[in-house]
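Below, each chain spelled out in residue letters.
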Amino acid sequence: MPFRKPSPPSQTSSADVELDGFKTIWRVAIPYTLFSALWIALSDRALALWAPDAATLTTWQTFKGWLFVLISALFIAWRLRIEFQRRRRAVTALAASERRVQKLNRIYAVLSEVNQTIVRVRNPAEFLPKACEVAVEVGGLRMAWIGLVDPENGAVRPVAHAGVTNGYLEQLHIALDDSPRSKGPTASALRSGQPVVVDSVADDPRMAPWRKYALELGYRSIAALPLISGGAVRGVITLYSSEPAFFNADEVKLLEELALDVAFALEMADQEKRRAQAEERLRMAVSASAVGLWDWDLRTNEVYFSPEWKQQIGYADHELENSLDAWRRCIHPQDLASVFDASGSYLVVSEPNYRLEFRMRHKDGSYRWILAQAAVLFDECGAPSRILGAHIDITPQKMLEAELEARVHARTEELEAAMEKAQTADRLKSTFLATMSHELRTPLNSIIGFTGVLLQELAGPLNEEQKKQLGMVYESARHLLALINDVLDISKIEAGQIELKIAPFDVRSAIEAVLRSMMPAAQRKGIALSAIVDENVSEVISDRRRVEQILLNLLSNAVKFTERGSVHLHCRVEAPMVLISVQDTGVGIREEDLGRLFRPFQQLDEGLTRRHEGTGLGLAICANLARLLGGYISVESKWGVGSTFTLHLPLRPPTS
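Numbering of residues starts from 1 in each chain and follows the order in which that chain's sequence is written. Under the rules for a predicted model, residues below a pLDDT of 70 receive no local features and side-chain atom pairs below 80 are neither given nor counted, while totals for whole chains, interfaces and linings still include all residues. In computing side-chain values, all of the structure's heavy atoms are included and hydrogens and water are not.

J.: With reference to specific residues and values, describe the layout of surface pockets.
T.: The volume enclosed by the second largest pocket comes to roughly 210 Å³. When contributions to the lining of the second largest pocket are tallied by element, the ones reaching two or more residues are α3 (124-137) and α6 (249-288). In terms of residues, the lining of the second largest pocket owes the most to one element, α6, which gives 4 residues. When grouped by side-chain class, the residues that make up the lining of the second largest pocket number 7 nonpolar, 1 polar and 3 charged. Lining residues are those with an atom within 4 Å of a point, where the points come from a 1 Å grid over the protein atoms alone and group into cavities, where a 1.4 Å probe fits but cannot get out, or pockets, open sets with protein on both sides within 12 Å along at least five of seven lines. Grid points are joined across faces, edges and corners, and a volume is the space filled by probe spheres set on the points. Comment: elements are numbered from the N terminus, with helices defined as DSSP H or I runs of at least four residues and strands as E runs of at least two. In this count, Pro and Cys sit with the nonpolar residues alongside Ala, Val, Leu, Ile, Met, Phe, Trp and Tyr, while Asp, Glu, Lys and Arg are called charged and the others, Gly among them, polar.

This is the structure:
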């Protein structure tokens, strides 16, 4: 993130006021000239027409002259008063603009100087106090301090300050809990991650714990700006002015740039610190590890092997000479050709990194796996002159890889067997559920039928309590039957026993039938249910019963989750598909819940606070039926606005 250097604020020129003075003269002179011309041109004619004789005309003309003088004086005084008021406002606005520009220029100068300091000084212990000092001395502020959040306990620790403090920071005790000290500007900025401004320390209730001492120190307004880096609030810079309402929108915008630059500098300092620590750890690791180093001078063909290099293959330093022949003798015969080919190619191509695995013979006759890494150095002519490299004994890793590979192979076979058993058990479960659901559905239909007969009072009259109890039995049986039907459908789908009856049918009539079924439920809730079927929609070849089942479920869900508003169905053709969308104005679905929609037994309003009945099988059944019909269901939703479920159904069944 580069440091931003905003343009300084524009300043209003005093020439604007001088130009306004010329405009004032014209605004007075032009109306007066027009008035005088009209008076002279029209008054004499009017008097001549109305005067009965010459003597009267002379008298009237005298009075006309005095009246002209009086009206002219009043007119000029009125216009001058208006123009003087306009000019006074312009001068006042110019003075306010100049004060504002001066204040913005000071803040801009603070931002510029702090940026220069950050570029020159990379140590936070040096540039943070300097930033506070610049804010006070250049920006004309009363006090400035910077605090960082302790990652262990969340406390705010002041690390730099400048200006008039007199122990003020020691008694701040910034809290991030629910106490009054957590309502101050600094704590609010830390929690919200947004700038917080106090225009009046004397009146703002958030300053209650510190108001008396702050006023004694001359603090009149405050701005707290969070220091954000890496998406987290790391600290805060808090500025105090001796003027009330000092920090308006323009000042805060520039100060936000200051906070961003300070936060960026802190992040860069942290990265530099981590890099230095990583380099130090790497040096210690290389020193403590058994890495064998080698150095090959390509100009003299001399080679050096470190004692650790020789120890990897069981030799003391004096037992193995430093020569290419000794290295060649130790390489496994099967790896010798590939090692020399790779080395030759590396020198020809001059690739930046050299990495190779091969086997070397140990002193005891066994072979050790070695990882060789190297880098080439070039002379002033650009030719390879030297290769520096390292050997690492990776025999334990190779043995572990072989062992893990064997374990993975055995585990894979076990998992495949377990998967086959699980699939078999799942099929048996689905078959069992389908059978049991069928056995339960038969007596339930009888219960529903006989309860309906009783409610119709075909067997005799019923009192109100009997009707109420039988109604509860009737509705409970229907609810249980719907649940069993859903379980039966999902079980058949999972067991692969679903039967489809593919035949041509009219989509429009199917939609009308579904709408007739849903209309009473929508009317009971006061929801407008409507549909539009495009003219080009006609027949499709599919399973009408399953299509109606899908649409009935989508419409039922839309009505169920819509408390007020409307549910609208739209059918259109987008070859080779017919699209049937169900749009509602209900509660909508959160984005993080969309992935759970089509899972069996999943409901979004789970727990004791559920408001809507259901098993969570409806959408899962719809999605599976749509897939079996060669289509799919898509969903678009916005929380609090509504949802749109669209069935994409092929006009013709898939060839497969």
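That was the structure; now back to the text.
J.: Please provide a residue-by-residue account of a nonpolar patch on the surface, values included.
T.: A cluster of nonpolar residues, Leu49, Trp50 and Trp60, forms a patch on the protein surface that exposes about 410 Å² of accessible area. Of note, Trp50 is situated in helix α1 (residues 15-50). Residues enter patches when they are more than 30% accessible in relative terms and free of salt bridges; like-charged ones are connected within 9 Å and nonpolar ones (Val, Leu, Ile, Met, Phe, Trp, Tyr) within 5 Å. For accessible areas, the Shrake-Rupley method is used with a probe of radius 1.4 Å. Any residue's cover is judged against the shown protein chains and nothing else. Take a side-chain nitrogen of Lys or Arg and a carboxyl oxygen of Asp or Glu: if they are within 4 Å of each other, that pair is a salt bridge.

J.: Give me the packing of aromatic side chains: which residues, what numbers.
T.: Note on aromatic pairs: the rings of Phe, Tyr and Trp (six-membered ring only in Trp) are paired at centre separations within 6.5 Å, and the planes decide the class, stacked below 30 degrees, edge-to-face beyond 60, tilted for the rest. Evaluation of the coordinates by the stated rule reveals 7 aromatic pairs. Aromatic side chains Phe305 and Trp309 sit 3.8 Å apart centroid to centroid with 10 degrees between the ring planes, which places their arrangement in the stacked category. Owing to a relative accessible area of 3%, Phe305 belongs among the buried residues under this scheme. Between the aromatic rings of Trp327 and Phe340, the centroid separation amounts to 5.5 Å while the plane-to-plane angle is 40 degrees, which identifies the pairing as tilted. Of this pair, Trp327 sits in helix α8 (residues 324-330) while Phe340 sits in helix α9 (residues 333-349); the two residues are 13 residues apart in sequence, bridging distant segments of the chain. Through a chain of ring-to-ring contacts, three or more aromatic side chains come together here, namely Tyr168, Tyr213, Tyr219 and Tyr240. Sitting over the ring of Trp369, Lys398 keeps its end group 4.7 Å from the ring centre. For each residue, the accessible area found with a 1.4 Å probe, counting protein chains only, is set against the maximum for its type, and the residue is called buried under 20%, exposed over 50%, and partly exposed in between. Sitting over a ring, as applied to charges here, requires NZ of Lys or CZ of Arg to be within 6 Å of the ring centre and within 35 degrees of the ring normal.

J.: Explain the sheet that holds strand β17 (residues 642-650) to me, and be specific about the residues and the numbers.
T.: Strand pairing follows a simple DSSP-based rule, namely that at least 2 bridges must link the two strands. With mixed pairing, the 5 strands of this open sheet are ordered in space as β12-β14-β15-β17-β16. This sheet does not close on itself; its edge strands, each paired only once, are β12 (528-533) and β16 (632-638). Pairs of neighbouring strands in the sheet enclose a mean axial angle of 15 degrees, with direction left out of account. Relative to strand β14 (residues 566-574), β12 runs parallel, the two being bridged by 6 bridges. Fitted lines through C-alpha atoms give the axes, limited to the stretch in contact for helices. The angle between two N-to-C directions lies from 0 to 180 degrees.

J.: Break down α3 for me, with residues and values.
T.: In this model, α3 (14 residues) spans 20 Å end to end at C-alpha, consistent with the 20 Å of a helix rising 1.5 Å per residue. Residues of α3 that are buried: Phe127, Leu128, Ala131, Cys132, Val134, Ala135 and Val136. The length a helix should cover is 1.5 Å for every residue beyond the first.

J.: How would you summarise the pattern of salt bridges if you had to cite specific residues and measurements?
T.: Applying the stated criterion to the full structure yields 16 salt bridges. Between Asp204 and Arg206 there is a salt bridge whose closest N-O contact spans 2.8 Å. The class for Asp204 is buried, based on a relative accessible area of 14%. In this structure Arg206 comes out as partly exposed when scored by relative accessible area, which is 27%.

J.: Can you lay out empty space enclosed by the protein for me, pointing to particular residues and giving the numbers?
T.: Within the structure shown, the criterion is met by 2 cavities of 30 Å³ or more. Roughly 150 Å³ of internal volume is contained in the largest cavity. Where the lining of the largest cavity is concerned, the elements lending two or more residues are β6 (292-297), β7 (302-305), α8, α9, β9 (367-378) and β10 (384-393). Here the lining of the largest cavity takes 3 residues from α9, the largest share from any one element. By volume, the second largest cavity amounts to about 50 Å³. Considering the residues around the second largest cavity, the lining is formed by Tyr168, Leu172, Ile174, Gly184, Pro185, Thr186, Met207, Trp210, Ile222 and Tyr240. The class makeup of the residues in the lining of the second largest cavity is 8 nonpolar, 2 polar and no charged.

J.: Lay out the pairing of β6 in plain terms, naming residues and giving numbers.
T.: Summarising burial for β6: 5 of the 6 residues are buried, a large majority. Relative to β10, β6 is paired through 6 bridges, and the arrangement is antiparallel. Note that in β10 the partner of Trp294 across the bridge is Gly389. Sheet topology places β6 next to β7; 4 bridges connect them, and they run antiparallel. By the bridge assignment for β7, Asp295 is matched with Tyr304.

J.: Got a sec to walk through the environment of Ala623? Specific residues and values, please.
T.: With respect to the helices, strands and loops of the structure, Ala623 is situated in helix α14 (residues 618-628). In the structure, Ala623 is positioned 10 residues away from Ile633 in sequence and 6.1 Å away in space, judged by C-alpha atoms. Whether two residues are in contact is decided by their heavy atoms, any of which lying within 4.5 Å being enough. Residue contacts for Ala623: discarding those within four places in its chain leaves Phe598 and Ile633.

J.: Help me get a handle on the nonpolar core, residues and values and all.
T.: In this description, a nonpolar core means a group of buried Ala, Val, Leu, Ile, Met, Phe, Trp, Tyr and Cys residues linked to one another through side-chain atoms lying within 4.5 Å. Val507, Ile511, Ile550, Leu555, Val567, Cys571 and Leu647 are the most contacted members of the largest nonpolar core, which has 44 residues in total. Where this core is concerned, the elements lending two or more residues are α11 (464-495), α12 (507-525), β12, α13 (544-560), β14, β15 (577-584), α14 and β17. Per element, the largest residue contribution to this core is 8 residues, and it comes from α12. Core analysis: the next-biggest nonpolar cluster, separate from the first, contains 35 residues, Val110, Ile118, Phe246 and Leu258 among them.

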